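# Survey of secondary and tertiary structure
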Amino acid sequence: MALKQDPLWYKDAVIYQVHVRTFYDSNGDGIGDFLGLEQRLDYLQELGINALWLMPFFPSPLRDAGYDIADYQSVNPSYGNLDDFRKFLKSAHERGIRVIIEMVLNHTSDQHPWFQQSRSSQDNPYRDWYVWSDTDTRYKGTRIIFLDTEMSNWAWDPISKAYFWHRFFSHQPDLNYDNPAVREEMWDVMKFWLEAGVDGFRLDAVPYLTEREGTNCENLPETHAILKEFRRRLDEQFPGRMLLAEANQWPADLRPYFADGDEFHMAFHFPLMPRMFMGVKLEDRKPITEIMQQTPEIPVTCQWCLFLRNHDELTLEMVTDIERDYMYDVYANNRTMRLNLGIRRRLAPLLDNDRRCIELMNGILMSLPGTPIIYYGDEIGMGDNVNLGDRDGVRTPMQWSGGWNGGFSSADPESLCAPMILNPIYGYPAINVISQRRTPHSLFSWTRGILAVRKSSRAFGHGSIEFLYPANHRILAYIRRCENETILVVNNLSKTAQAVELDLRRFKGNILIEMSGKNIFPRVGELPYLLTLGSYQFFWFRLRKV
Amino acid sequence: MREMIISELMQAVQELARGFARFLPRFVVLVIIAFVGWVIAYLLKQLARSILRLIKFDRLSENAGTSQLLAKAALPPSSEIVSRLVFWMAWLGFVLLGISVLGIFGMQEQIARFFLFLPRLFVAMLILFFGLLAASFFSRATLLAAVNGNLPSPRLLSHAVRAIIVVLILSMVFEELGIAEQTVLLAFGIAFGAVMLGLAIAFGMGGKDLARQFLENRFLREKEERNEDELSPL
Amino acid sequence: MLDETPTQERSAAPRDEVVLADEGFLPDDFVRQLINVGEVDVLIGLPTHNNAKTVGAVVAEIQEGILQWFSRDRAAIINPDAGSRDGTPELVVSASIDDVRRSDARRFTLRTLHSISTRYGTSVARGTALRTILAAGELLRARATALISADSTSIKRDWLRALLKPIANDDFDLVLPTYVRHKFDGLLITNLLYPVTRAVYGLRIREPYAAEFAFSSRLGSQFLGASPWNDEAMKEGCEIRFTLAAIAGGFRIAQSFVGAKSHIEQRAADLVPALRQTVGALFGEMESHFSLWSGKTGSQAISSTGAEHEFTLDPQRINRKRLFEMFRSGVLDLESVFRSILSPATLEELQRITGQGEDDFEYSAELWVKTVYEFAAAHHKAVINRDHIIQALAPLFRGRALAFILENKNASAAGVENNIENLCLQFEGLKPYLLELWTGKE
């Protein structure tokens, strides 16, 4: 099965976010690697995903899970080498799976040779590659992102006897994008990987590329200009490849990153994600519909990227204080779960391992307009370990079987890159791939099923959305439309059974066909359409006029 | 001559005796009927008294105001009167029945007419009773409404209402008894035409919209004064 | 946030079925709207009838109160309307907060707030309005319900906290308000309802008849199921019946200070209806609760939050002459009626005091207590039509009001409170007299 040649392939994609480090260890050193990942491609193909997003695998001191890069054109030796990577990439493409890799543009590790050079002296040719200052008072008013660890965006470098700018950890100095040399070098880096065959980049932390005095140093026009330039070259030299923006901003501020279809192809819809969680706890669709009302229209070639969880904390930056307090109280009662204005828990523990609720959240993820991302392990309902520092609690090794190290690695358990989850509820004896593949009603089987249903219609990836506002506020209902396909999605956000009357008069005469069982439901007439839904139940109906 | 007188006399006496002898059995029957009647009437009186006690007739008549009237006239209480009335009516009935047996000419007709009259008398008594009850109720309602609505001369209004209702009742009673029907009807019609009755009943019923509007219009002048000078009871 | 108090089994279970299965007491459309609301933690009942002038502000304060004190709780506003023609229901419904309306001036809220209105008839029937709210509360499983009056113009958002938090957090069943009042405001309450409720039922409830109060689901269900709703009697005076039902049922009662009492459209001419709704209902309920109150002596304080009473003393112009005249002419004109109700001694004393001058008029506490108790007993025995007995009380109340005003003309707040307390003690002290009259020869 070869790759589908479609310039808009990312609109039909279902992305699986994985870290090679914790997926599968093929050589028994306790750390996952590319050969191991390649061996597990069959599993991913069976699941039904068609794109992989790899977390950073470049050489790195690993003080920020690989986002502190020390060499942009190599592979961290723990994971293998460039040949291993190419082999994996080829296998993935053979299975029709595209590969998206991380490209951290904004900053490097302080171990990167460029920085080592830059700090060595004022006259060094690399000096200007980073943002240096004699004082730490420039760009006042810029917010600090890692509130729990950093006190300032400037760090003092004793070697260089000057301050350098870092929006993230102090060991991740920001590159200076006002320097054309930096821009050219970064393009060369991207070109290197594109030539290797990579299908797209997730560009990390793009709002922060440039700084200007008197601004908040985010989303500046200069930044957009730089990004547009990258895109132009990409379209010119590598058509069909994709750029995905990681920009944790309000929807209105995200819109510029799509520009007129000449900047990013995709961007994460950060504000929607916490509101989905809020919706099921409040049992009220209001947070979800309101953020969608505020979401601007984007060019037809562009696409939102939707997700429930990822490798970071469940960020509560883009919510009001009232909402944040509420989310903390209901989802992270234990203060250790809170980090950097977010909650560091996996999907299943957040939803109290309620299978129906997990299914509902996935159902909403798959049916709202955008490309869904599944975080590795969430398809089997993995748990987390809040006792691990930072955000490592959600980055534990994949659980393949009930045996030695959960089937992740043959190394000693003590030497694993991260400890396995062991408790009776989420531990690998209870939650693992082998068991779930054998069980037709497991979460894995269910996820595979729903991905298949989603694939059966273009409306999910390409269609418009129109919300219905039934008087029962616990029901989230919307119409997805594409060419001649119309799909009605009805979700019960409440734990209790609900009755809802939908105004479907526009679709009078249509028969509803429930998409997973394919059974027909009553035809739409003049009267309001009455549906009853069980706990956390949802329906996807195809509307068909015979 | 003397013999003629004696024989006439003897004849007359014999006639008388014969008449008497004819009459005597009937008289005895009368006495018997009267006696039986007395017993039955007595029983009925007791029965009536019990029934009246059961339905708390005294209380009702107190409400009707008849008790007060009777008390003023130094008469025994109403239930007593009614039971006695029952007694006398019943006994009278039997006596009359007995007299009719006597066969005295003309009496029969009168007695028959009397018996026909009894039901109407009974109905008339009922009308009177309940009428007095109603009059008492409405006059008191009027009195209270007038007092609380600060109308002038509430007692006069109250008596007026009572009077009108009593007049209505009396005319109905007289009509029922068949006494001076036409005269009474006419007189009543005139009184009834008076607007006062309509107003009084409306007030007595608790002041419907029309009455309220009337009051408001009547007292509009005073309203401004009242608005500032009264505090809410609740 | 409402505490999760452990759920208590309701004992009124069998009754629920009867009420809910009643022949369509609630209109279909209203039931459909209730389905959409689902379950709530807090319910606000707001009966209306042509209140367009005041209801807008009231509803705004209610909304603010919910958003401030119950932002995380599910809440709804239920509006039983008696067929208003001035757009009152629309004003109430506009307080809904949901995602359908996309107005830019929307303030942020966590949850949807439903505000639904239903028409229950064509004229005001407070009993039916209350019943609608109770039925809705039961269907929505509201844990705490507050009843607010549509013309409470002085309402502030804190009132909801004062009334509802004791229900939600401290497990009370009924919370009545206490107000800041002018010392001569609400004399029917300070001189009759409060002392009589206190003496008869043994609880010191300052405002047994309140325009706004809050209650728990337990009490609401009990009242809904146990009351004879089709009785004529329930149409009037359901509020005070509610309070008395709570007392009789042994429910936990508290009072909470809210603020200033507002008055709209309540004038002297409203005295008789006020008497019917309060004193009439009170005397009526005393009938059925006899076994409960006959044995009680003295009185107990109830749990109070905030001030129990506060008096403002600003000078008020009161038409004392009119009060005096109405009292005097009342005693005179209603003599025949009073003869059936009052004892000869009391009546004589009343006639004596009509002879006093307006400025040194005195209607002593003791005389007033005897008057009220004799009326209560007469009402119990129904010596004449009961409604007439209540109407006959009006002029006597006016006399007492005048006497109270004169007595407290220059009194401080403490002085007024003292006098009220003394009156209450008199009522308590003469309770045996009431019992004697009540059970005396029929």
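Residues numbered from 1 in each chain as written. Chains lettered and ligands numbered in written order. Predicted model: local features only at pLDDT ≥ 70, side-chain atom pairs only at ≥ 80, totals over all residues.

### A closer look at the overall build of chain C
Applicable threshold: A run of H or I in DSSP becomes a helix once it reaches four residues, and a run of E becomes a strand once it reaches two; helices and strands are each numbered from the N terminus. Values of the radius of gyration come from C-alpha atoms, whereas the globule rule sets the reference at 2.2 Å times the count of residues to the power 0.38. Residue burial here comes from a neighbour count, namely the number of other C-beta atoms, placed from the backbone, that lie within 10 Å of the residue's own C-beta, with 20 or more meaning buried, 12 or fewer meaning exposed, and in between meaning partly exposed.
Looking only at helices and strands, one finds 19 helices and eleven strands in chain C. For 442 residues, the compact-globule formula gives about 22 Å, and the C-alpha radius of gyration of chain C, at 22 Å, lands near that figure. A principal-axis box enclosing the C-alpha atoms of chain C has dimensions of 70 × 50 × 40 Å. Relative to its 442 residues, chain C shows a buried fraction of 51%.

### Description of the overall build of chain A
Definition in use: Note that contacts rest on C-beta atoms placed from the backbone: two residues are in contact if these are within 7 Å.
The helix and strand inventory of chain A stands at 15 helices and 21 strands. If you line up chain A on its principal axes, its C-alpha atoms span 80 × 55 × 50 Å. Relative to all contacts within chain A whose residues are 6 or more apart in sequence, the contacts with residues 24 or more apart total 68%.

### Quick look at the packing of helix α7 (residues 187–201) of chain C against helix α11 (residues 271–288) of chain C
All names here are of chain C. Worth spelling out the cut-off: Orientation is described by lines fitted to C-alpha atoms, with helices fitted over the stretch in contact, and by angles between N-to-C directions that extend from 0 to 180 degrees. Reported orientations rely on four angle classes, namely roughly parallel under 35 degrees, roughly antiparallel over 145, roughly perpendicular from 65 to 115, and oblique for the rest. We call Asp, Glu, Lys and Arg charged. Ala, Val, Leu, Ile, Met, Phe, Trp, Tyr, Cys and Pro are nonpolar, and the rest, Gly among them, are polar.
Two numbers describe how α7 lies on α11: the axes approach to 12 Å, and their chain directions differ by 10°. Classified by the angle their axes make, α7 and α11 are roughly parallel. Touching Leu188, Leu192, Leu193, Val196 and Val200 of α7 are Ala274, Thr278, Val279, Leu282 and Met286, all from α11. Its residues placed into classes, the contact of α7 with α11 shows nine nonpolar, one polar and no charged.

### Details of the sheet that holds strand β5 (residues 154–157) of chain A
Residues and elements named next belong to chain A. The condition that has to hold: We call two strands paired when DSSP finds no fewer than two bridges between them.
On the basis of which strands lie adjacent, the open sheet formed by three strands has the order β4-β6-β5 and antiparallel pairing. The open sheet is flanked by β4 (132–133) and β5, the only strands paired with a single partner. Across two bridges, the pairing between β4 and strand β6 (residues 162–165) is antiparallel. Bridging across to β6, Trp132 finds its partner in Phe164.

### Focus: the nonpolar core
So the rule is basically this: Each nonpolar core consists of buried Ala, Val, Leu, Ile, Met, Phe, Trp, Tyr and Cys residues. Their C-beta atoms, within 7 Å, join them into a set. Start and end points for every domain follow an automatic or database-based domain assignment.
One finds Leu244, Ala267 and Met361 of chain A to be the most contacted residues of the largest nonpolar core, which totals 161 residues. Each of domain 1 (113–165) and domain 2 (463–544) of chain A contributes no fewer than three residues to this core. Setting aside residues up to four positions removed in sequence, Leu244 of chain A forms contacts with Ile100, Gly200, Phe201, Arg202, Leu203, Phe264, His265, Met266, Ala267 and Cys305 of chain A. Core analysis: the second largest hydrophobic core is formed by 148 residues, Ala200 of chain B together with Ile116, Leu224 and Ala392 of chain C among them.

### Let's talk about the confidence of the model for chain C
We count it as follows: Note on scores: pLDDT gives the predictor's confidence for each residue, bounded by 0 and 100.
Looking at chain C, pLDDT values average 87 and 90% of them are 70 or higher. Reported confidence for the predicted complex is 0.82 by ipTM and 0.81 by pTM.

### Looking at the domain arrangement of chain A
Domain boundaries assigned for chain A yield domain 1 (113–165) and domain 2 (463–544). Here domain 1 of chain A and domain 2 of chain A have C-alpha centroids that lie 55 Å from each other.

### A word on the sheet that holds strand β19 (residues 520–523) of chain A
Residue and element names in this part refer to chain A. An order of β14-β15-β16-β21-β18-β19 is seen for the six strands of this open sheet, with the pairing classed as antiparallel. Bordering the open sheet on either side are β14 (464–468) and β19, each of which pairs with just one other strand. Here the strands of the sheet are splayed against their neighbours by 25° on average, with no regard to which way each runs. As defined by bridge partners, strand β15 (residues 475–482) adjoins strand β16 (residues 485–492) across eight bridges and the pair is classed as antiparallel. Across the sheet, the residue bridging to Arg480 is Ile487, located in β16. Helix α12 (residues 355–367) contacts β15, β16 and β21 (538–544) of the sheet and is inclined by roughly 150° relative to β16.

### Points about the packing of helix α5 (residues 107–148) of chain B against helix α17 (residues 386–407) of chain C
The packing of two helices is summarised by the inter-axis angle and the distance between the axes. Test applied: Helix crossings are classified by the rotation of the near helix relative to the far one: an anticlockwise turn of less than a right angle makes the crossing left-handed, while a clockwise turn makes it right-handed.
At a closest axis distance of 9 Å, the pairing of α5 of chain B and α17 of chain C adopts a crossing angle of 30°. Taken together, the axes of α5 of chain B and α17 of chain C lie roughly parallel to each other. As for how α5 of chain B packs across α17 of chain C, the hand of that crossing is left-handed. Taken together, the residues of α17 of chain C that come into contact with α5 of chain B (itself represented by Arg140, Ala141, Leu144, Val147 and Asn148 of chain B) are His388, Gln391, Ala392, Ala394 and Pro395 of chain C. Across the contact of α5 of chain B with α17 of chain C, the residue classes tally to six nonpolar, three polar and one charged.

### Side note on the domain arrangement of chain C
Residue and element names in this part refer to chain C. In terms of domains, chain C is made up of domain 1 (13–312) and domain 2 (320–411). Once you take the C-alpha centre of each, domain 1 and domain 2 turn out to be 32 Å apart. Contacts between the two partners involve 16 residues from domain 1 and, on the opposite side, 14 residues from domain 2. Going through the elements one at a time, α7 and α11 are the ones with two or more residues in the side of domain 1 that touches domain 2. Element by element, the count of residues in the side of domain 1 that touches domain 2 is highest for α11, at nine residues. Taken together, the residues that form the side of domain 1 that touches domain 2 break down as eleven nonpolar, two polar and three charged.

### With respect to helix α2 (residues 28–37) of chain C
Residue and element names in this part refer to chain C. How we decide: Working definition: the arc comes from the directions between the helix axis and the C-beta atoms, pointing outward to the latter.
Along α2, the positions that sit buried rather than exposed are Phe30, Leu34, Asn36 and Val37. Looking straight down α2, one finds that the buried residues subtend no more than 155° of arc, so they occupy a single side. In this structure, the buried residues of α2 make contact with β2 (75–81), β3 (114–119) and α5 (126–139). Gly38 sits one or two positions beyond α2 and adopts a positive phi of about 85°.

### Structural notes on the pairing of β2 of chain C
Residue and element names in this part refer to chain C. For clarity, the cut-off: Orient the strands so they point away from the viewer, and a crossover whose first-strand-to-second-strand path over the helix runs clockwise is right-handed.
Across the seven residues that make up β2, a large majority, seven, are buried. Burial along β2 is two-sided: the face carrying Ala75, Ile77, Asn79 and Asp81 and the face carrying Ala76, Ile78 and Pro80 are both buried. Where strand β1 (residues 42–45) lies against β2, four bridges are found, and the strand directions are parallel. Across the sheet, residue Val42 finds its bridge partner in β2, namely Ala75. At this point the chain moves from β1, through helix α3 (residues 52–69), to the parallel β2, and the crossover so formed is right-handed. Sheet topology places β2 next to β3; six bridges connect them, and they run parallel. Bridge assignment links Ile78 to a residue of β3, and that residue is Ile116.

### Comments concerning the environment of Pro470 of chain A
All names here are of chain A. On the secondary structure map, Pro470 appears in the loop between β14 and β15. Using a count of 22 C-beta atoms within 10 Å as the deciding quantity, one classes Pro470 as buried. Along the primary structure Pro470 and Glu501 are separated by 31 residues, whereas in three dimensions their C-alpha atoms are 6.5 Å apart. Setting aside chain neighbours within four positions, we find Pro470 in contact with Ile475, Ala477, Val500, Glu501 and Leu502.

### Digging into the arrangement of the chains
Here two pairs of chains make contact, and the pair sharing the most contacts is chains B and C. Chain A shows no contact with chain B. Their nearest C-alpha atoms sit 40 Å apart.

### Describing the confidence of the model for chain A
On average, residues of chain A carry a pLDDT of 92, and 100% of them reach 70 or more. Across chain A, the element-wise mean pLDDT spans from 80 in strand β12 (residues 342–343) of chain A up to 97 in α12 of chain A.

### What about unusual backbone geometry?
Located in the positive-phi region is Lys161 of chain A, a residue other than glycine, with phi close to 50°. Here the phi dihedral of Ala205 of chain A falls at roughly 50°; this positive angle occurs in a residue that is not glycine.

### A word on helix α8 (residues 217–226) of chain C
Burial runs high along α8 of chain C: nine of the ten residues are buried. Among all positions in α8 of chain C, only Ser217, Arg218, Leu219, Gly220, Ser221, Gln222, Phe223, Leu224 and Gly225 of chain C are buried.

### Re the pairing of strand β20 (residues 529–533) of chain A
Residues and elements named next belong to chain A. Every second residue of β20 is oriented toward a common face, the buried set being Tyr529, Leu531 and Leu533 and the non-buried set Leu530 and Thr532. Here five bridges tie strand β17 (residues 498–502) to β20, and the two strands are oriented antiparallel to one another. Along β20, the bridge assignment pairs Val500 with Leu531.

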